[in-house]
Structure formats: structure tokens, C-alpha cells
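Overview (structure and organization)
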Amino acid sequence: MATMGMHFGHDAGAALTDAGGYRVIEAERRLGLRHVCGGNGDFPRAAAEWLAELRERAASPVTGIAVADWYTPRCQVLPPALVELVNEDARWTATGGTGLADAVTRVIKPLDWPLAKGFGDVTLTAVRHHYAHAALAYYTSGARKALVLALDGTANYAECGMVCLGDGDQLTPVMSFTNRTGPRFGLVYEALARRVHGSQFDTGKLLGLTATGESDASLLPVLHAMLVPQSVRRASPDLFEPLDEDRLTGTALRYADTWWEYDPDSGGYLDAGLADSSDDDVVHSFGSVFPDEIRTADGRTTVVGTSPDERVCRDLAATLQTAVERDLTRLVTGVSRRFPSYTTLCYAGGCALNITANSRLAECGQFTRVSIPTCCDDSGIALGAALAVADPADRPALRSRSRSTSLAYAGPPLAGLDTVDGDDTAPTGGPARRLADLGLSLRRPADDEEFLQTVADLLAARRCVAWLEGGLETGPRALGHRSLLVSAHWSGARRYVSQTIKQREWFRPVAPICPEEVADQYFTGPLDHTETMLFAVRVRPDRSRQLAEARHIDGTARLQTVRPDTQPLLHRLCHAVAARTELPVLINTSANGGGRPLLNRLDEALELLTGTELDAVVLPERRLIIE
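Residues numbered from 1 in each chain as written. Predicted model: local features only at pLDDT ≥ 70, side-chain atom pairs only at ≥ 80, totals over all residues. Heavy atoms only, no water.

Here's the deal with the sheet that holds strand β5 (residues 105-108)
Read from one edge of the open sheet, 6 strands run β3-β2-β1-β4-β6-β5, paired in mixed fashion. Looking at strand neighbours, the two that pair on one side only are β3 (21-26) and β5, the edges of this open sheet. With direction set aside, neighbouring strand axes in the sheet form an average angle of 20 degrees. With 5 bridges connecting them, strand β4 (residues 62-68) and strand β6 (residues 123-127) associate as parallel partners. Within the sheet, the bridge partner assigned to Ala-68 lies in β6 and is Val-127. Where helix α2 (residues 43-57) meets the sheet, it contacts β1 (2-7), β2 (13-18), β3 and β4, and its direction lies at approximately 160 degrees from that of β1. (Pairing = 2+ DSSP bridges. Helix = DSSP H or I, 4+ residues; strand = E, 2+ residues; numbered from the N terminus. Axes fitted to C-alpha atoms, helices over the stretch in contact; angles between N-to-C directions. Contact = heavy atoms within 4.5 Å.)

Brief notes about the packing of aromatic side chains
For the coordinates displayed, the defined rule picks out 7 aromatic pairs. Both rings, one in Phe-451 and one in Trp-467, keep their centres 6.0 Å apart while their planes meet at 50 degrees; by these two values the pair is tilted. Of the two residues, Phe-451 sits in helix α15 (residues 448-460) while Trp-467 sits in strand β17 (residues 465-468), which places them 16 residues apart along the sequence. Here Trp-467 falls in the buried class, since its relative accessible area comes to 0%. One residue, Arg-55, lies across the ring of Phe-119, its end atom 4.7 Å from the ring centre. In this structure, Arg-184 is placed above the aromatic ring of Phe-286, and the distance from its NZ or CZ to the ring centre is 3.8 Å. (Phe/Tyr/Trp six-rings, centres within 6.5 Å; stacked < 30°, edge-to-face > 60°. Buried < 20%, exposed > 50% of the residue type's maximum accessible area, 1.4 Å probe, protein only. Lys NZ or Arg CZ within 6 Å of the ring centre and 35° of its normal.)

Structural notes on the side chain of Asp-11
When you line up the elements, Asp-11 lands in the loop between β1 and β2. Buried charge Asp-11 goes without a salt bridge, the closest partner of opposite sign being Arg-34 at 6.4 Å. Within the structure, the side chain of Asp-11 is placed 2.8 Å from the side chain of His-10, a separation counted as a polar contact. Contact partners of Asp-11, with chain neighbours within four places excluded, come to Glu-28, His-35, Val-36, Phe-201, Asp-378 and Ser-379. (Lys, Arg positive; Asp, Glu negative; His and termini not counted. Salt bridge = Lys/Arg side-chain N within 4 Å of Asp/Glu carboxyl O. Polar contact = N/O pair within 3.5 Å; in protein donor to acceptor, adjacent residues only side chain to side chain.)

A word on the packing of helix α5 (residues 185-197) against helix α10 (residues 311-338)
Remark: α5 packs on α10, axes separated minimally by 11 Å, with the N-to-C direction vectors making an angle of 170 degrees. Compared by their axis directions, α5 and α10 come out roughly antiparallel. Contacts from Phe-185, Val-188, Tyr-189, Leu-192 and Val-196 of α5 reach α10 at Cys-313, Leu-316, Ala-317, Leu-320, Gln-321, Val-324, Asp-327, Leu-328 and Leu-331. Among the residues forming the contact of α5 with α10, the class breakdown is 12 nonpolar, 1 polar and 1 charged. (Parallel < 35°, antiparallel > 145°, perpendicular 65-115°, else oblique. Nonpolar A, V, L, I, M, F, W, Y, C, P; charged D, E, K, R; others polar.)

Quick notes on unusual backbone geometry
Here Gly-182 and Pro-183 are connected by a cis peptide whose omega angle stands at 10 degrees. Its identity is not glycine, yet Asp-112 carries a phi of approximately 60 degrees, on the positive side. Turning to its location among the elements, Asp-112 is positioned in the loop between β5 and β6. Overall, the relative accessible area of 70% leaves Asp-112 in the exposed class. The phi torsion at Gln-503 lies on the positive side, around 55 degrees, for a residue other than glycine. Take Gln-503: it is sitting in the loop between α16 (493-501) and β19 (511-515).

Describing α16
Residues spaced three or four apart along an α-helix point in a common direction, a consequence of the helix completing one turn every 3.6 residues. Those residues of α16 not exposed but buried are Ala-493, Arg-494, Tyr-496, Val-497, Ser-498 and Ile-501. Packed against the buried residues of α16 are β18 (482-487) and β24 (586-590). Gln-503, located one to two residues past α16, shows a positive phi value of around 55 degrees.

Some thoughts on the nonpolar core
Ranked by size, the top nonpolar core spans 108 residues in total, and within it Phe-290 and Tyr-347 carry the most contacts. Excluding residues that lie within four positions of it along the chain, Phe-290 makes contacts with Val-188, Ala-191, Leu-192, Arg-195, Leu-223, Met-226, Tyr-255, Val-304 and Leu-316. Val-518, Phe-523, Leu-599 and Leu-614 belong to the second largest nonpolar core, which has 45 residues in total. (Core = buried A, V, L, I, M, F, W, Y, C linked by side-chain atoms within 4.5 Å.)

Focus on the pattern of salt bridges
Throughout the structure, instances matching the rule amount to 34 salt bridges. The shortest N-O distance in the salt bridge between Arg-30 and Glu-53 comes to 2.9 Å. Taken together, the positions of Arg-30 in helix α1 (residues 27-31) and Glu-53 in helix α2 put the pair 23 residues apart, joining distant regions of the chain. Two residues, Asp-448 and Arg-623, come together in a salt bridge whose shortest N-O distance is 3.4 Å. Linking Asp-448 in helix α15 with Arg-623 in the loop between β25 (616-619) and β26 (624-626), this pair joins segments that are 175 residues apart in sequence. Note on Arg-623: relative accessible area 30%, which makes it partly exposed.

Here it is as C-alpha cells:
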């Protein structure tokens with residue numbers, strides 16, 4: 001049987017799981033709007049189409065639909081029973097103890113829910129937001145026993161995280177975290193990103209900015225107290241390191257015209273004033289507004305800026321990253337020691353996109369493996385909800401490394417290929433004629449070898465190509481299926497692809513691709529975790545000049561390693577480029593225009609080709625090169 005999942009909050013979407021694999025539809029890539037939610041005007045009609053599409057692709061009848069409980073009230077197609085459950089059932093809001101296990105899934109009635117029409121006798125289940133994150137992380141990891149952690153900005157009830165234990169086909173929640181007490185890793189990060197870059201969804205930009213600043217030792221205790229108040233640290237010293245009170249006494253935060261002094265009872269700043277506030281007020285206060293000014297224990301005040309070009313913003317970003325890494329490592333280590341028999345960590349939620357923090361976890365010595373799904377943020381919630389309630393037989397078996405990467409490319413195939421279909425000799429004109437009308441030319445290499453050599457020639461000649469193959473990537477990272485590629489061997493490559501073509505900010509990192517078997521010649525770090533670009537590695541000092549275009553400002557790299565069994569053509573392309581440039585490293589960034597979702601239509605790629613400095617679109621599966 002098959003199970004579907006739906007998510008109505010930001011990064012909304014639909015998904016399917018059955019024994020044959022996963023199918024994921026991310027709403028933003030269908031509607032062309034970043035971080036789209038169920039309240040978008042086109043969502044209701046489109047959601048019905050997505051469910052019908054997934055049902056057609058299912059290898060067996062759909063017997064269950066799971067809906068994640070985080071949603072927007074503006075959504076016109078919410079199950080009424082879901083709204084009633086979240087707003088009225090006090091038991092569903094249980095956050096700890098034995099009640100938590102009973103408050104992560106709940107069968108609800110599909111009455112008066114338009115999207116349920118046509119499915120017949122189907123079971124509808126509500127799934128708690130962070131349990132969906134945890135289910136995604138565990139059931140797609142291939143692990144049979146794991147400690148499972150979900151952390152993000154917030155969900156319902158001001159919840160910001162959950163710890164579960166994965167044993168075989170069972171996933172049991174054992175801890176819940178809320179933004180009332182911390183850890184507020186996601187919320188505080190969102191608040192600073194909103195101030196510096198303009199949006200809560202710019203946390204990735206903020207992470208890139210951290211490399212341009214220096215951590216400020218006097219600001220560090222204040223940010224630690226914002227993330228987790230001292231009272232919580234004292235109550236759980238195994239999870240959170242208690243802070244030095246001498247470095248907090250006299251500190252304060254200014255919001256608009258009000259100074260919030262450090263409160264020794266709560267151990268924080270806003271905490272005492274928000275004790276009786278609603279969950280929404282708590283989330284807004286910590287996540288939407290970063291303080292305008294910070295006073296440290298030595299009496300110095302720091303006025304917080306509003307631009308990435310300001311030094312104070314860069315140093316604050318670096319200091320916050322330092323605080324998050326230290327507190328996250330302490331938390332995860334402490335939880336692991338509470339459950340010492342779990343040596344694999346499965347990790348999801350928006351916080352799991354912090355790749356430098358992820359590397360700290362991989363290298364802390366507490367785990368033999370750290371597994372993070374590509375769609376670890378809310379783009380994977382729909383699939384996570386489905387996996388949480390699916391019969392074990394409806395979850396694909398994951399036993400080999402090649403199968404475990406299947407989630408990365410579980411999106412739909414490239415659409416709109418009719419532009420290049422047909423015979424060039426047809427009386428009405430074929431693909432070459434259609435492309436010529438756009439001012440483009442078409443090349444058809446005879447075989448894979450000629451195709452790869454031709455693309456390698458382009459890259460060696462300092463050209464940038466859009467490499468489009470297979471299923472669309474799930475999650476925010478382009479992983480060689482919807483990628484812009486340029487060779488890393490020439491000075492200016494980074495600026496060409498990142499700033500000239502994509503018009504991204506100067507401090508944004510690019511990502512190198514390298515064959516797995518030679519990666520240790522160029523990089524150090526957790527190289528056994530680098531298939532999906534979710535861990536940071538370091539460029540070897542002796543390769544620093546050679547990889548100047550591929551490394552970040554701080555010497556790190558968001559590396560993706562490729563293998564011949566999972567990415568055969570891309571793996572061969574790296575070596576073909578190396579034969580010309582003596583460097584098997586390509587620079588990879590996502591195939592999309594500035595501010596647009598990852599593209600999944602050929603016409604969008606051709607628009608990028610004709611409207612920017614992009615040099616070619618290549619379709620490996622059809623051995624076509626469009627210039």
C-alpha cells in the first residue's frame with residue numbers, strides 16, 4: 001500500500017512513500033514562489049492536482065494520508081479536524097513525559113475536506129511538526145537504531161525541537177524543547193538574518209556571512225543567554241553549559257526605546273517579561289526582532305547594524321555562529337550520554353542546514369555516523385509526515401549507500417522537454433529550428449564519451465553550463481541534477497557563476513564537486529559525510545591557492561563528493577576536466593535565477609541561457625548541448 005503526506009506551512013508540498021521509493025513535490029518549484037505556503041492563492045487548486053499526480057504514480061493503492069500540524073490559517077483547504085485538533089485539544093499539546101508519545105500522531109476525520117474527495121476509504125492522520133522532521137531523518141537514513149534530533153525555529157505550541165529514539169520500525173519521542181526555555185537556535189538565527197538580510201528565510205546568507213567576521217568574546221555570553229537562559233542551563237547542566245554570572249551581570253539588550261537588563265532569576269533578558277505571554281508572542285519576540293543595541297558586562301555598548309556590509313553585523317554573525325555551535329554540541333553530546341547505546345545520530349529541521357555546526361557534530365567523537373536528509377528543512381515535512389504513519393512495508397528498504405541517496409533526487413523529472421523532441425529533418429522544422437528561433441544552437445554528440453569530452457572542453461575554456469539530469473533534488477541544495485557548473489581552475493570562476501550569472505552577494509559561498517576517491521588530496525574533515533553538501537570540510541593548506549575559487553573566505557568548503565555508481569556521468573566529467581586543467585574540482589551552484597526556486601522546466605533553463613551570461617544548457621540523458 002502507499003501513504004501520502006501533506007504540509008501546509010511555509011515550504012509546503014506533497015509527498016508519497018511506498019515500497020518502490022519516494023515522490024516529493026515542493027510547492028515553490030511548481031508555483032515559482034520561494035517558501036510558498038498553503039495560503040498562497042494558487043495553492044488550493046494546485047494541491048488537488050499534486051495529490052492526483054502522486055496517486056497515479058503510486059505502485060499500489062493509497063490507503064493513508066498524513067497532514068503535518070503546522071499550517072497557516074489563510075489556507076483554504078485545511079482539514080477542519082486538523083484545525084480543531086491544534087486549537088482545542090489540550091492533550092495534543094503535551095510536551096514531555098509519557099504524554100508526548102500520545103501527542104505526535106492522531107487519526108482525525110476527513111469530513112468536509114475537499115482534498116480527500118476521490119480517495120475513497122482513506123485514513124487521515126495528523127502528525128506533529130517535529131515528529132515529521134524526526135521520521136524523515138530516521139526512516140530515510142537506513143539506520144536500524146539511532147538517536148534522532150529535530151531542531152528548527154518554531155512550530156505550534158512554541159515547540160522548537162524533539163528527541164526521539166529509533167529502534168527498528170519504531171520511532172519513540174522522549175523529549176520536547178520549546179522556545180520559552182530554549183534552545184532558541186533557529187529563532188535567534190532567524191531574527192539576526194531578518195535584521196541583516198531582510199527575511200527570516202535568509203539564514204543561509206547569514207551563515208555565509210559568518211566567515212567574514214570575527215567572534216567577539218564580550219558579546220558571546222549575551223548571545224548564549226539569548227539562546228538558552230541561565231536558569232535552564234543550571235537545571236540541566238548535562239545538556240547546557242552554565243554561564244559565568246560575572247560576564248552577564250550588567251548586560252542588557254535594547255529593543256526600540258526599552259532596555260531589558262539581565263535578569264538573574266530567569267537568567268535571560270526577555271524571559272521574565274514573556275512568562276505569561278502567549279506562544280505567538282514568545283515566538284515573535286525572539287524570532288522576529290533582534291535587539292537594536294547590546295550592552296556587555298564591561299559597560300561597552302554595541303549598536304546593531306542592518307547591512308551585511310557593516311562590520312558589526314559580520315562580527316555578530318560570527319559570534320552567534322560560535323555560540324550556536326558550542327551550545328548545539330553540548331546539547332547533542334548530553335542527550336547522547338543520556339541514551340548511550342545510540343551511536344548513530346539522525347538530524348533534521350531547519351537548524352540541520354547549518355553545515356559548519358553539522359561538521360562539529362560529525363567530528364565531536366560521540367557518533368559513528370551523522371545522517372541528515374537533503375530536505376531536512378520544512379520542504380521534507382510532507383514526506384516525513386507520510387513516513388511517520390506509513391506501514392513499514394510502505395517505507396523503501398535502504399541498505400546500500402547508493403539506495404540511501406535516492407531521497408536526494410526524489411523530485412519530478414525535468415519538464416518541457418518537447419522543445420528538444422522530434423526530428424530535425426521534419427518538414428515543419430524540428431528542435432534545431434525551434435531553438436534557432438530563440439537564437440540558440442543545438443549539438444548532438446554521438447555517444448557519452450563525445451558528449452563528456454565536449455562539455456569538458458567548454459568548462460576548460462572557462463564557460464559555465466547548466467547540467468540538468470534525472471529527478472529534481474529535494475531540499476535547497478543543487479546536487480548535480482539542477483546545477484550550474486564551472487571549472488575551479490581559473491581566476492574569476494567564482495565571481496562569474498555566483499555574481500555575474502546569478503547576481504548573488506559577494507560573501508555567498510559556492511560549492512565544489514570532486515570525485516570521492518581523490519577528495520582527500522584536496523580537502524580534510526568529515527569526508528565520509530559529503531555526498532549531499534550538508535557538512536563543511538576544509539581545504540588543505542597546500543591546495544589553498546589551487547582551490548582559491550572553490551573555497552569560502554574562512555578556508556572551508558561545502559563539498560559534494562561524487563561516485564561512479566551514483567553519479568556516473570558527473571564523476572567522469574570531473575576527471576575529463578582534470579585531464580585538461582589538472583584539477584578534478586568543479587564549482588557547483590543551483591540552477592536558478594536570483595530569488596527564484598530551483599528550476600525544473602527546460603524553458604526556464606533556456607530563459608537563464610538567453611537572459612544571463614550562462615554559456616550552455618546540457619542534458620546528459622539525451623546527450624544534447626544547447627548554446
